[in-house]
Each structure stands twice: as structure tokens, then as C-alpha cells.
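# Observations on the three-dimensional arrangement
Here is what each chain is made of, one letter per residue.
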Amino acid sequence: GQNIDQPTEMTATEGAIVQINCTYQTSGFNGLFWYQQHAGEAPTFLSYNVLDGLEEKGRFSSFLSRSKGYSYLLLKELQMKDSASYLCAVPYNFNKFYFGSGTKLNVKP
Amino acid sequence: EAQVTQNPRYLITVTGKKLTVTCSQNMNHEYMSWYRQDPGLGLRQIYYSMNVEVTDKGDVPEGYKVSRKEKRNFPLILESPSPNQTSLYFCASSLGGPNQPQHFGDGTRLSIL
């Protein structure tokens, strides 16, 4: 399988900014997804990057560097409801998907 | 409402007793996939299907079967379940292609005793 690395857990304060990193193998790259998964629920789509640079979507932004095999998800103005796991996913050979093990974000008051 | 529906949501069963987890989507999606999620391992792909009658192995297909006889349905079959298949299972669908986001069902928690 493909090696996709994310930190296991992070803690941040309400109102702050947090960056969640993801590294992946660059061979056969077809883009990178970020999903959010609240405890006990299904993952939901947040963002997709296929070109280098930053894509902003409200309080959430996602960055990609294809040459470095690196992406991050930036969450601004953190809210308590942002406490969840954030999953990085990469498609390989067009149809197979590999997910990182997820980063559990704890937002504290 | 656009959705992916899995059944059952929870199942406790015994080793060797064949079971089927159903998955249905109402979005006319071409691509469907099954994942299992285990603590510390994240989501791992079991099987996927690009279209009717087209299925292929994901990363962890051993012990599982699938079929895609109709576009909307993609059942997961465990012919002889074993305790190491105790897990949380998700079905997902998308329009198809590597750039399309997947829509996930609510999950099926399987316990094999």
C-alpha cells in the first residue's frame, strides 16, 4: 500500500488556528482529499487539491506541494464543533484510495 | 435526499456464519467502494466497483466478496466471518474518477465472536 502519514492527535484552543499536516508518496499522484469525521459518524468531504498552492473555503484551507509530497489543512477561528478526526486521502491508479490513519483534533475552550 | 444507505447498522454474530451487509445509493453514481476502519489504521479499502459488473480488489480484500449487479447496490459478503473481521465498515460512492469526492454511508459495526 501507499504510506500516508498524519499526526495522531492535536489539541488547540477555541478561536485559534491549527494546521494538520499530511505526507504521502508522490508516485502516481492524482490529487489529495481531506475529509472530516466526527466521532461515531461517517467521513464527510472537505477539500480536494490537485495543483500546487492554497485552496480556501471559508474557515478551512488546504495546501498542496506535489514536489514535496506534502499537504496541510488549515482551520481558522476554531470552534468547538471542529473537534473531530481529519483524514487525508490519496487516489492511486485512478480507482484505489488510500487514507491516512487520521488526526484527532481536540478543541478546548 | 441524496444518500448512501447501509444495513444493518450493527451486527453481532459468530465465526463462520455467512453474512451480507447491503449498500445502496440513490445518486446514480458510477463508483462504489467498501472500507473498514480500525483504531490506529484508518480507513482501508476492501473492494471497489467502477460500474455494473466491474469490481476490483482494494488493499485488504481477503475474506470478503462483493457484487455489482445493479448500479445502485453494492453488497459486501463475508462467506465465513472470523474475529479479525470485527470492525467498522463504510460503503461509499462517487461519480467516478480520482478527482470526485466520495459520499459515505453511516457505517456498519460488525462484531464476530
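Anything mentioned here points back to the structure above.
To start, this report covers the structure provided alongside it. Each residue is numbered by its place in its chain's sequence as written, counting from 1. Chain labels run from A onward and ligand labels from 1 onward, assigned in the order the entries are written. Side-chain atom pairs in this predicted model are given and counted only at pLDDT of 80 or more, local residue features only at pLDDT of at least 70, and totals for whole chains, interfaces and linings cover all residues. Side-chain metrics in this entry use all non-hydrogen atoms of the structure; hydrogen atoms and water are not considered.

## Quick notes on the state of the cysteines
Residues and elements named next belong to chain B.
- Cysteine sulfur atoms that come within 2.5 Å of each other are treated as a disulfide pair. Evaluated as defined, the whole model comprises two disulfides over all chains.
- Disulfide pairing is shown between Cys23 and Cys91; the S-S distance is 1.9 Å. Between Cys23 and Cys91, the S-S dihedral sits near -75°, and the bridge is therefore left-handed. One end of the pair, Cys23, is in strand β3 (residues 19-25); the other, Cys91, is in strand β9 (residues 87-94), and 68 residues separate them in sequence.
- Here Cys23 falls in the buried class, since its relative accessible area comes to 2%.
- Only protein chains enter the accessibility calculation, which uses a 1.4 Å probe. A residue is then buried if its area is under 20% of the maximum for its type, exposed if over 50%, and partly exposed in between. On the accessibility criterion, Cys91 (0% relative accessible area) is buried. Each helix corresponds to a stretch of at least 4 residues labelled H or I by DSSP, and each strand to a stretch of at least 2 residues labelled E; elements are numbered beginning at the N terminus.

## Remarks on the nonpolar core
- In this structure, Tyr24, Leu32, Trp34, Leu75, Tyr86 and Leu105 of chain A are the most contacted members of the largest nonpolar core, which totals 23 residues.
- In these notes, a set of buried Ala, Val, Leu, Ile, Met, Phe, Trp, Tyr and Cys residues joined through side-chain atoms within 4.5 Å is what counts as a nonpolar core. Val21, Met32, Tyr47 and Tyr89 of chain B belong to the second largest nonpolar core, which has 19 residues in total.

## Digging into the environment of Gly107 of chain B
Residue and element names in this part refer to chain B.
- Relative to the assigned elements, Gly107 resides in the loop between β10 (103-104) and β11 (108-112).
- A residue is classified by how much of its surface remains accessible, and Gly107, at 1% relative accessible area, is buried.
- Gly107 sits 99 residues away from Pro8 along the chain, and the two C-alpha atoms are 8.7 Å apart.
- Residue contacts are defined here by distance: any two heavy atoms, one from each residue, within 4.5 Å place the two residues in contact. Non-local contacts of Gly107, meaning those with residues more than four positions away in its chain, are made with Gln6, Pro8, Arg9, Leu88, Tyr89 and Phe90.

## Details of the side chain of Ser94 of chain B
- Residue placement: Ser94 of chain B occurs in strand β9.
- Those residues within four positions of Ser94 of chain B in sequence are excluded, and the remaining contacts are His29, Glu30, Tyr31, Gln100, Pro101 and Gln102 of chain B.

## So, the interface of chain A and chain B
- Counting residues at the interface gives 20 residues for chain A, matched by 23 residues for chain B.
- Values labelled buried area give the accessible surface lost by two parts on being combined, using a 1.4 Å probe and summing over both. Roughly 1,700 Å² of surface becomes buried between chain A and chain B when both sides are summed, with 58% attributable to carbon and sulfur atoms.
- When residues of chain A are sorted by the area they lose upon contact with chain B, Asn95, Phe97 and Phe99 of chain A head the list and together hold 33% of the total.
- A pairing counts as a salt bridge when a side-chain nitrogen of Lys or Arg comes within 4 Å of a carboxyl oxygen of Asp or Glu. The interface formed by chain A and chain B includes zero salt bridges.
- Those elements giving two or more residues to the side of chain A that touches chain B turn out to be β3 (32-37), β4 (44-49), β8 (84-92) and β9 (96-99) of chain A.
- Split by residue class, the side of chain A that touches chain B holds twelve nonpolar, six polar and two charged. Residue polarity is assigned by list, with Asp, Glu, Lys and Arg as charged and Ala, Val, Leu, Ile, Met, Phe, Trp, Tyr, Cys and Pro as nonpolar; anything else, Gly included, falls into the polar class.

Read these as spatial facts, not as claims about activity.
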